Each structure stands twice: as structure tokens, then as C-alpha cells.
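# Structure at a glance
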Amino acid sequence: MKKSIAYAAYEPNKPLGPFEFERREVGATDIQIDILYCGVCHSDIHQARNEWGNAKYPMVPGHEIVGRITHVGTGVKGFNVGDLAGVGCMVDSCGVCPDCQADLEQFCESTVFTYNSHDQHTGQNTYGGYSDHVVVDQRFVLHVSEKLELAAVAPLLCAGITTYSPLRHWKIKKGDRVGIVGLGGLGHMGVKLAHAMGAHVVLFTTSPDKSADAKRLGASEVVISKHADEMAKMAGSLDFILNTVAAPHDLDQFMALLKRDGTMCLVGVPDGPHPSPNIANLIFKRRQLAGSLIGGIKETQEMLDFCAEHNITSDIELIPVQKINEAYERMLKSDVKYRFVIDMQSLKR
Ligand code: NAP
Ligand code: ZN
């Protein structure tokens, strides 16, 4: 076992603080990564504060991990010491069920999430990326391009794949009219990726001050979702909507914007239910309301390669780990452009 230093949540209502624990030794198929940067996802807040009711403390959040490989097990293929590497939301799965066989490990009944999950190797909790290093089976390690700014790549490991996967699943192509709801960590990646796929992107925001940015990021149109007249003009005009909002809200106002046979895919996981949608909104235009969970490892690599090819990274604000509690408060006020990323060297201060 090897000592790791980290930041952890100890209780739902207390600030995160320093924490030490032990990681397992590098096994035959394991890779050890020195963590350089870790993105801060809204899921970290939901879980650190036990908003999903499944928190295990102490909890070391963080599932947008990038760093350099320091050790590889004897059975590791395709990764070498010194390579850049990434780890996202998952660190293990059964490998044999139909979901795993279909490269959709996120839907496996035995998926082990990067933190706040049960680690079969140690019998303890899994601990995430707000830490100095991580040991992960090679099946769940991603190759990261040397070409892109590394700190800005970290958010691709969750925000990137969570928006890329539904855009691909619903076959977004050149000319499709795609709505993105919410311009936060996920939303701003959704705008960039849908734009890169050739879509006409309409961004829906509750924050009027984000309008100019949304256009810079790739939106062709921006709608302030609180303004009924602007919403009415969009009625029946969109092929697909990706809804990234992290709080319960009225879904009907967005369902009404879909064309016949259009789909709205939810990726936000609020702490409570949305008001019930009006079923007539679905029936009369054969519209669909759907959901999506991150993406499989194969598709995550495809997304990272797509981003390297198209020069896409996240817009980030780099913080030392000591500012994490302030960062959480600012995210709750939608005050981040557009992802906090922790510089993990700050742990050693
Ligand atoms: P974030 O950076 O905080 O962004 C959320 C955005 O939602 C905000 O920037 C804001 O955008 C909008 N918003 C917030 N509160 C709102 C409200 N009351 N009404 C309307 N809009 C509101 O969060 P994130 O990291 O992108 O995560 C978003 C959600 O996705 C979270 O619930 C997270 O847990 C979930 N998530 C799901 C998956 C998955 O696999 N399905 C993966 C990762 C994260 P505007 O200021 O533009 O309105
Ligand atoms: Zn996440």
C-alpha cells in the first residue's frame, strides 16, 4: 500500500479538508498515475453533500483526472511510464455482461465508480482525483494527446464524454438544429462538440451575461429561457435538445421546442424530481424524453481523439485545492466560466 494525500468531504454540511489514505500497490494489469489536474464536476457537489443519498465518508471526489504514468504492471500493454493518461468516472466493471461486451461499461450492474463506490481490491471506498496519485486497471485508463493544454483536457473525462455520447447516439450531423440547455461545465462542452459536428446550436441559459460567450463557444443563437417571448419563437424548431441543468425545472417549456419526432435527452441529475411533464407534449408530436449516462471507455477514447483532432478543450479556471469550498459555492451560483480545474501540485503546499 502507498500513502496518498488528498482533500476529502467528511460530512454533508462541512467544508472539504486535507485527508490521507492508502492506495493499493500496482498489480499486473494496473497503471499508477501522478495526478496533475482534476476537474470539478457538479456531481462532486451532489455527492460530497449527500444530495443523492448515497454518500460514504470520508469521500475524496474527482472524476476528471489527467496526469503522467509513473508505474505500469507487468501485464500492461500500450501504456508506458512517462505517458500522459486520463481517468474518468469509472475504474472497473464486470467485463462480461452484455453492456460491457457492447463497450457500454457505464450501464454494467457492477460498475465501480472512481469515487464513493466499493473497491473490491481494498474493501474500502474508491477515492477520486482530488489526490496526488491513482492506481487503475488498464481497461479504464485513457490515452491523452500531448498536443492540447493538459489542465483544459481534464474536464473532457466527464463533461466531454457526457455530452459527446448522446450527440453521437442521436446521430447529430451537419445542419441539425440542436438545443443545449444550461451553460455550465457540461453545457459549454455540449456547445463546442455539437458545433464541431456541424450542428446549428441554440443555447438556452438563465444567465443573460453568458450570451456573448455562448456565441464565441459555437452557439449560433442564444435564448434566455426566462423570457417567454424568446422561447415562443423557438417552438417546434429543434431536432434534438441536450439538457444539462443541475436543478429541478419545468421540462415542458423545452419539450415544446422540439420538432415532430424530436428528442430531449436529460443528463443533469438534480437532488429532487422535476415537475411532471405534460404527456400531451410527447404524444401529439411523437416526441421523446430520454436520458444518458457518461459514455463507455471506447467512446471516451474516441471523444478524446476527436477533441485532439478538432483542437477542442474546456474553458477553465485553474484553482489550488485549498479553494475547493469557494469553488463549490460559486458553481451553485452559476459563477464559473466554465469549469474549475484543480492544480494538484497545490496539495503539496
Ligand atoms: P454546472 O457547471 O453547475 O452547470 C449547470 C448549469 O445549469 C448552470 O451553469 C446553469 O446554466 C444551469 N442551471 C443551474 N441551476 C439552474 C436552475 N435552477 N434553473 C435553470 N438552469 C440552472 O454543472 P455540470 O457540472 O455541468 O453538471 C450538470 C448536471 O449534470 C449535474 O446535475 C451533474 O450531476 C450532472 N452530470 C450528469 C452526468 C451523466 O452522466 N448524466 C455526468 C456529469 C454530470 P445557465 O447559467 O446557463 O442557466
Ligand atoms: Zn462528472
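Basis of the calculations
Residues numbered from 1 in each chain as written. Chains lettered and ligands numbered in written order. Predicted model: local features only at pLDDT ≥ 70, side-chain atom pairs only at ≥ 80, totals over all residues. Heavy atoms only, no water. Donors = N, O, S within 2.8 Å, 3.2 Å for Na, K, Ca; no water. Helix = DSSP H or I, 4+ residues; strand = E, 2+ residues; numbered from the N terminus. Buried < 20%, exposed > 50% of the residue type's maximum accessible area, 1.4 Å probe, protein only. Expected span 1.5 Å × (residues − 1). Contact = heavy atoms within 4.5 Å. 1 Å grid on protein atoms, 1.4 Å probe; cavity = no way out; pocket = protein on both sides within 12 Å on 5 of 7 lines; lining within 4 Å. Points joined across faces, edges and corners; volume = space filled by probe spheres on them. Nonpolar A, V, L, I, M, F, W, Y, C, P; charged D, E, K, R; others polar. Domains from an automatic or database assignment. Buried area = accessible area lost by both parts, 1.4 Å probe. Salt bridge = Lys/Arg side-chain N within 4 Å of Asp/Glu carboxyl O.

### A closer look at the coordination of the zinc ion (ligand 2)
Protein coordination at the zinc ion (ligand 2) comes from Cys41 (SG), His63 (NE2) and Cys158 (SG), with a distance range of 2.0 to 2.2 Å. For the zinc ion (ligand 2), the single-chain donor residues occur in sequence as C-x21-H-x94-C. Of this pair, Cys41 sits in the loop between β3 (30–39) and α1 (42–48) while His63 sits in the loop between α1 and β4 (65–72); the two residues are 22 residues apart in sequence, bridging distant segments of the chain. By relative accessible area, His63 is classed as buried at 7%.

### Describing helix α5 (residues 185–196)
Taking 1.5 Å of rise per residue, the twelve residues of α5 would be expected to cover 16 Å, and the 17 Å separating its terminal C-alpha atoms lies within 8% of that figure. For α5, the buried fraction is high: ten of the twelve residues fall into the buried class. For α5, the complete set of buried residues consists of Gly185, Leu186, Gly187, His188, Met189, Gly190, Val191, Lys192, Leu193 and Ala194. Contact partners of the buried residues in α5: α4 (159–169), β10 (177–181), β11 (200–205), α6 (211–217), α10 (297–310) and β17 (339–343).

### Considering the layout of surface pockets
A volume near 250 Å³ is recorded for the second largest pocket. As for the second largest pocket, its lining consists of 15 residues, and the residues nearest its centre are Leu104, Gln106, Ser165, His169 and Glu299. Sorting the residues of the lining of the second largest pocket by element identifies α4 and α10 as the ones contributing at least two each. Residues that form the lining of the second largest pocket fall into these classes: four nonpolar, six polar and five charged. Counting only domains with at least three residues in the lining of the second largest pocket, you end up with domain 1 (2–158 + 315–348) and domain 2 (160–291).

### Thoughts on empty space enclosed by the protein
Within this structure, the stated rule accounts for two cavities of 30 Å³ or more. Volume-wise, the largest cavity comes out at about 220 Å³. Lining the largest cavity we find 19 residues, and of these Arg23, Arg24, Asp119, Thr126 and Val135 sit closest to its centre. For the lining of the largest cavity, the secondary-structure elements that each account for two or more residues are β2 (17–23), β6 (90–92) and β8 (133–137). Looking at the second largest cavity, the residues that line it are Gly88, Cys89, Met90, Phe140, Leu142, Leu157, Ile161, Ile294, Gly295, Ile297 and Thr300. Of the residues in the lining of the second largest cavity, the class split is eight nonpolar, three polar and no charged.

### Quick look at the domain arrangement of the chain
Segmentation of the chain into domains returns domain 1 (2–158 + 315–348) and domain 2 (160–291). The centre of domain 1, based on its C-alpha atoms, is set 28 Å off from the matching centre of domain 2. Of the roughly 1400 Å² buried at the junction of domain 1 and domain 2 (both faces included), carbon and sulfur atoms supply 50%. Area buried by domain 1 at its contact with domain 2 is led by Cys158, Asp315 and Tyr338, which between them contribute 43% of it. Across the pair Asp315 and Lys192 runs a salt bridge, and its minimum N-O distance is 2.6 Å. For the side of domain 1 that touches domain 2, the per-class residue count stands at six nonpolar, three polar and four charged.

### A short note on unusual backbone geometry
Note: most residues except glycine have negative phi, and most peptide bonds are trans. Of the consecutive residues Tyr57 and Pro58, the connecting peptide bond is found in the cis state with omega at -10°. Of note, Pro58 is situated in the loop between α1 and β4. A cis amide bond, omega -10°, links Lys337 with the succeeding residue Tyr338. Residue position: Tyr338 is located in the loop between α11 (324–332) and β17. One non-glycine residue, Lys171, lies in positive phi territory at about 55°. Of note, Lys171 is situated in the loop between α4 and β10. Residue Lys171 is classed as exposed on the basis of its relative accessible area, which comes to 63%.

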